[in-house]
Amino acid sequence: METLERIIAEHPFFAGLDDSFVNLMVSCASNLRFKAGSYILREGDTANTFYLVREGKVAIEIRAPQRKPIIVSTLSVGEILGWSWLLSPFEWKFDARAADDVRAIALDGKCLRTKCEENHDLGYEVLKRFARIMEERLEATRLQLLDLYAVK
Amino acid sequence: MIMATAITTDPMLPQPYSVREVAKETPDTFTLRLEPENAVNKSMFQPGQFSMLWVFGVGELPISISGDPALQDRLLYTVRSVGQATHALVNRGVGDGVGVRGPFGTGWPLEAARGRDVIVVAGGIGLAPLRPLIYQVLRNRKDYGRLVILYGGRSPRDLLYRKELAAWARHRETQVLVTVDYGGLNWRGHVGVVTTLFKYSRLQPARSVAMICGPEIMMRFVTRELETLGLSRDDIYLSMERNMKCAVGFCGHCQYGPHFICKDGPVFRYPQIRNLLEKYEL
């Protein structure tokens, strides 16, 4: 069975970061389970955590008045969920719902944020990693907006 | 080199076929099963090739063959009703006549894929020209490595061959991942563009051949993703689409740089057309 330490240490997001920092992240990480249909985070709530999805699928949703929520994208095994803890005002901008039973590792974003303020080298490394994730998702969103399969 | 199959009859002369079945795939897409009125006609085609279908009195259309190449007594075409001629075609009734020219063009490189993993990336109706290839790989399973099918559609109701996708996923050494751009709350699959599926696929780039068909913008981004993952450009094949008329390289309607899509394609090895894909004017 994979240990929490090993999963975090081997995840590409943490690759190349200082061991002492990775150990710190491990020490305040926790394994969580979310039942299908339950919400992992809600728009407007304080964002102090981010998640590494280990199993299942997470739907990123936006709620709309007088209609059902709209699924913007899904995240699955190995992906990072949540970056609003990194940027002021530290509030979630979307909902994230477990589309099926989800296992995830919760990581302490607030602790990481504090460490990044104290150590700008670390802060730069963390920002680079999140910039990569943001770039991938922005590119995917742009393609999605093109509505490529529609009749032109 | 991708070889086109020689046509034995006059390539400009449509052969009489009859509609035997029209199956609704999505609200605007239908699969027609055609059988030759003349028993001499056999549907010898390579996966990836296309035919010109005459709807008499309306017009002629290039349509990829989407059926099983092992079933030579029939031809299947999956057609999206988007204009006058396609609308007339999908509204043919059982027993109605359709003229068929072809098959034309190059097919998917099944020989180059032998002994290797096959990555199929399809978007929208682009799954139709890839379906004969999937049939061929599944029928000759031991000749190929893993089969990875990545398919993106607009919404769940726009996905083609949903039952078959589920059935293909049950084959050994076969992974099928489907995503949609817009998923309702009842959709249990992925939501996002097809390129987001690569991170869930278990690829072995050094021993893989990729075959791609879909909107050209999608194919550009897929080829970039495949190169980033380590696939050699020489192992990437794309099926291209342009307006066609004669289908045999006479008229020039489908000219694409130095190529005619109808006879040099529609399936191209990526390096053949890579510089053209980057040209704004084309």
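Analysis parameters
- Residues numbered from 1 in each chain as written.
- Chains lettered and ligands numbered in written order.
- Predicted model: local features only at pLDDT ≥ 70, side-chain atom pairs only at ≥ 80, totals over all residues.
- Helix = DSSP H or I, 4+ residues; strand = E, 2+ residues; numbered from the N terminus.
- Rg over C-alpha atoms; globule rule 2.2 N^0.38 Å.
- Buried ≥ 20, exposed ≤ 12 C-beta atoms within 10 Å, placed from the backbone.
- Contact = placed C-beta atoms within 7 Å.
- Pairing = 2+ DSSP bridges.
- pLDDT = per-residue confidence, 0-100.
- Axes fitted to C-alpha atoms, helices over the stretch in contact; angles between N-to-C directions.
- Parallel < 35°, antiparallel > 145°, perpendicular 65-115°, else oblique.
- Left-handed = near helix turned anticlockwise from the far one by under 90°.

A few words now on the overall build of chain B. Scanning chain B from terminus to terminus reveals seven helices and 15 strands. Its C-alpha radius of gyration of 18 Å places chain B within 12% of the 19 Å reference for a compact globule of 282 residues. Seen through its C-alpha atoms, chain B measures out along the principal axes to roughly 50 × 45 × 40 Å. In chain B, buried positions account for 48% of the 282 residues. Sequence separation of at least 24 residues holds for 70% of the intrachain contacts in chain B that already meet a minimum separation of 6.

What follows deals with the pairing of strand β5 (residues 75–80) of chain B. Most of β5(B) is tucked away: six of the six residues are buried. Side chains of β5(B) alternate between two faces, with Leu75(B), Tyr77(B) and Val79(B) and Leu76(B), Thr78(B) and Arg80(B) buried alike.

Looking now at the pairing of strand β9 (residues 174–180) of chain B. All names here are of chain B. Most of β9 is tucked away: five of the seven residues are buried. Relative to β9, strand β8 (residues 147–153) is paired through seven bridges, and the arrangement is parallel. Bridge pairing links Ile149 to Val176 in β9. Where β9 meets strand β10 (residues 190–191), two bridges bridge the pair, whose relative direction is parallel.

The next subject is the confidence of the model for chain B. Across chain B, pLDDT averages 92, with 95% of residues at or above 70. If you check the scores for this complex, the pTM reads 0.92 and the ipTM reads 0.88.

What follows concerns the packing of helix α3 (residues 109–118) of chain A against helix α4 (residues 120–145) of chain A. Residues and elements named next belong to chain A. Packing of α3 against α4 brings their axes to within 5 Å, and their N-to-C directions diverge by 125 degrees. Judged by the angle between their axes, α3 and α4 are oblique. Between α3 and α4 the crossing geometry is left-handed. Contact residues: α3 offers Leu112, Lys115, Cys116 and Glu117, while α4 offers Leu122, Gly123 and Val126.

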